[in-house]
Amino acid sequence: MGMEIGSIAWAQGGATEGAAGLFSLVPFILIFVVFYFLLILPQQRKQKQHTEMLTKLKKGVKTGTSAGIWGSITRLDKETATVQVDDNTKMKVQRENISRLRTEDEG
């Protein structure tokens, strides 16, 4: 009879430890949620905006590259764009390296 009481107490103790173990994961889940909203989600939005901007590229658009080169697009291919930097200077760059479109007041 004494053995039955001990095994019941042991079984109840194991259930309590399982709940405590699950409860100890809550801080890690909260940290992941914070990281998702502060880091991952904004990066996904920025990537989506960049992809949309690349699809809207066309000939004659004034752009800036990730290397800081400013120019106008003179030719578009599937993976590259030819950017005219000066009157006699044209450069071929990858489309992904075009980082932004220039506005009228930027020249």
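The rules we used
Residues numbered from 1 in each chain as written. Predicted model: local features only at pLDDT ≥ 70, side-chain atom pairs only at ≥ 80, totals over all residues. Heavy atoms only, no water. Helix = DSSP H or I, 4+ residues; strand = E, 2+ residues; numbered from the N terminus. Contact = heavy atoms within 4.5 Å. Areas by Shrake-Rupley, 256 points an atom, 1.4 Å probe, with all protein chains shown as cover. Expected span 1.5 Å × (residues − 1). Bend = angle between axes of the 7 residues up to and from the residue. Buried < 20%, exposed > 50% of the residue type's maximum accessible area, 1.4 Å probe, protein only. Pairing = 2+ DSSP bridges. Axes fitted to C-alpha atoms, helices over the stretch in contact; angles between N-to-C directions.

Side note on the overall build of the protein chain
- Each helix and strand counted, the protein chain has two helices and five strands in total.
- Summarising the internal contacts of the protein chain: among those between residues at least 6 apart in sequence, 36% fall at separations of at least 24.
- Carbon and sulfur atoms form 62% of the exposed surface of the protein chain, whose accessible area is close to 8,700 Å².

Describing helix α2 (residues 26-55)
- In a regular helix each residue adds 1.5 Å, so 30 residues correspond to 44 Å; α2 covers 42 Å between its end C-alpha atoms and thus fits that length.
- The largest bend in α2 is about 45°, located at Tyr36.
- Taken as a whole, α2 has its buried residues at Leu41, Met53 and Leu54.
- Along its buried surface, α2 packs onto β5 (98-101).

Considering the sheet that holds β5
- Taken together, the five strands give an open sheet; going across it, the order is β4-β3-β2-β1-β5, and neighbouring strands pair in antiparallel fashion. Two strands lie at the open edges of the sheet, namely β4 (89-94) and β5, each paired on one side alone. Geometrically, the sheet is characterised by an average inter-axis angle of 45° between neighbouring strands, direction not taken into account.
- Two strands pair when backbone bridges link them, and strand β1 (residues 62-65) and β5 are joined in this way by three bridges, in the antiparallel orientation. Each residue of the ladder has a partner; that of Gly64, found in β5, is Arg100.

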